[in-house]
Amino acid sequence: MATSADRTPSAVDLTGEIEVLGRVADSSNLAVIARVSTLPGGHVIYKPIRGERPLWDFPDGTLAGREVAAHVVSELGGWDVVPPTVLRDGPLGPGSVQLWIGDPFDPVADDVVVDLVPEGHTPEGWHEVLDGETPGGRAVTVVHSGADDVRSLAVLDAALNNSDRKGSHCLRDRDGRLWAIDHGVTFSPTPKLRTVLWGWAGERLTDADRARLERLRSALAGDTDRARLLELLPETDVAALALRVERLLERGVHPSPRHDWPSVPWPPL
């Protein structure tokens, strides 16, 4: 996908009147493509709280707030990889509204972040995640890019406790900028990291990512930024976020898959 206009996050205004255009058919929860009157030429994805499917491991009606909180954390730490997202009212009630990366009616092929390749043919500079078979019996491997920005996204996901980092949730726009979407199942106080970005498991964090985590830790210690997150998340989730950041800095390494929780979402792409 590619951005429908050249915008920086600070230039995006999502406060205008919402015009619903159509439903995202393959979404597990109600999600609609829409226009916002203050965003000429662009589109948003609007996820009303009333359309959230109940989950056994997340409180009802909290997924939209988690979408917005992921954007807040991305900004506070300086990752700036989650598209501008707000919590607001709309024609289908309150929900999250996020800048759509690309034109939903004219998709284009861009750089792939996660891919499926024949087994034994991992591209140079890429990381293997898991082997499998296609429905036709062809041996394949799920791989992901080894780019620095993808590595930083893996650190952000560890801080968010992201339980659903699929390949399709990693996008590059026409300028090659990395974006990450779909953060409804994040911030649980119970360890639930489930991702396709395991290529750096156990390796030392880069200095740049340590700096991002330290910046986020400082923000979480302040009343203003903590209050922003408490408007979106339960207090236990905000406390767990701060604890994860502390542990990542103390241990200084990318987390490794746990044995008591599925480590890769399904489908991975």
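Criteria and thresholds
Residues numbered from 1 in each chain as written. Predicted model: local features only at pLDDT ≥ 70, side-chain atom pairs only at ≥ 80, totals over all residues. Heavy atoms only, no water. Pairing = 2+ DSSP bridges. Helix = DSSP H or I, 4+ residues; strand = E, 2+ residues; numbered from the N terminus. Salt bridge = Lys/Arg side-chain N within 4 Å of Asp/Glu carboxyl O. Buried < 20%, exposed > 50% of the residue type's maximum accessible area, 1.4 Å probe, protein only. Axes fitted to C-alpha atoms, helices over the stretch in contact; angles between N-to-C directions. Left-handed = near helix turned anticlockwise from the far one by under 90°. Contact = heavy atoms within 4.5 Å. Nonpolar A, V, L, I, M, F, W, Y, C, P; charged D, E, K, R; others polar. Expected span 1.5 Å × (residues − 1). 1 Å grid on protein atoms, 1.4 Å probe; cavity = no way out; pocket = protein on both sides within 12 Å on 5 of 7 lines; lining within 4 Å. Points joined across faces, edges and corners; volume = space filled by probe spheres on them.

As a further point, take the pairing of strand β7 (residues 126-133). Where β7 lies against strand β8 (residues 139-145), seven bridges are found, and the strand directions are antiparallel. Residue pairing for β8: H127 is matched across the bridge by H144. Linking β7 to β8, which pair antiparallel, is a turn of five residues; within it G137 sits at a positive phi near 90°.

What follows covers the pattern of salt bridges. By the definition in use, this model includes 14 salt bridges. Note that E203 is salt-bridged to R151, the shortest N-O span being 3.5 Å. Here E203, found in the loop between β10 (178-180) and α3 (207-221), pairs with R151, found in helix α2 (residues 148-160); they are 52 residues apart in sequence, far enough to count as distant. The exposure class assigned to E203 is partly exposed, which follows from its relative accessible area of 34%. Of the residues examined, R151 reaches a relative accessible area of 15% and is grouped as buried. The network of salt bridges with shared partners includes K47, E67 and D182.

Moving on, we get to the packing of α2 against α3. Look at α2 against α3: their axes get within 10 Å of each other, and the N-to-C directions meet at 30°. Where α2 crosses over α3, the two elements pack in a sense that is right-handed. Counted together, R151, S152, V155 and A159 of α2 and D209, R212 and L213 of α3 form the full contact between these two elements. Class assignment for the residues of the contact of α2 with α3 results in three nonpolar, one polar and three charged.

Moving on, we get to helix α5 (residues 235-251). Its 17 residues place the ends of α5 24 Å apart at the C-alpha level, agreeing with the 24 Å of an ideal helix rising 1.5 Å per residue. Residues D237, V238, A240, L241, R244, V245, L248 and L249 constitute the buried set of α5. Where α5 is buried, its residues contact α1 (63-77), α2, α3 and α4 (223-230). Positive backbone phi, at 70°, marks G252, one or two positions downstream of α5.

The calculated volume of the largest pocket comes to roughly 1,000 Å³. Lining the largest pocket are 40 residues; nearest its centre among them are S27, S28, K47, H169 and D182. The set of elements that each furnish at least two residues to the lining of the largest pocket consists of β3 (44-48), α1 and β5 (95-99). Taken together, the residues of the lining of the largest pocket sort by class into 20 nonpolar, 10 polar and 10 charged. Here the second largest pocket defines a volume of roughly 510 Å³. Lining the second largest pocket are 21 residues, with P191, R244, R251, P255 and R258 positioned closest to its centre. Each residue belonging to the lining of the second largest pocket can be placed in one class, and the counts come to 11 nonpolar, five polar and five charged.

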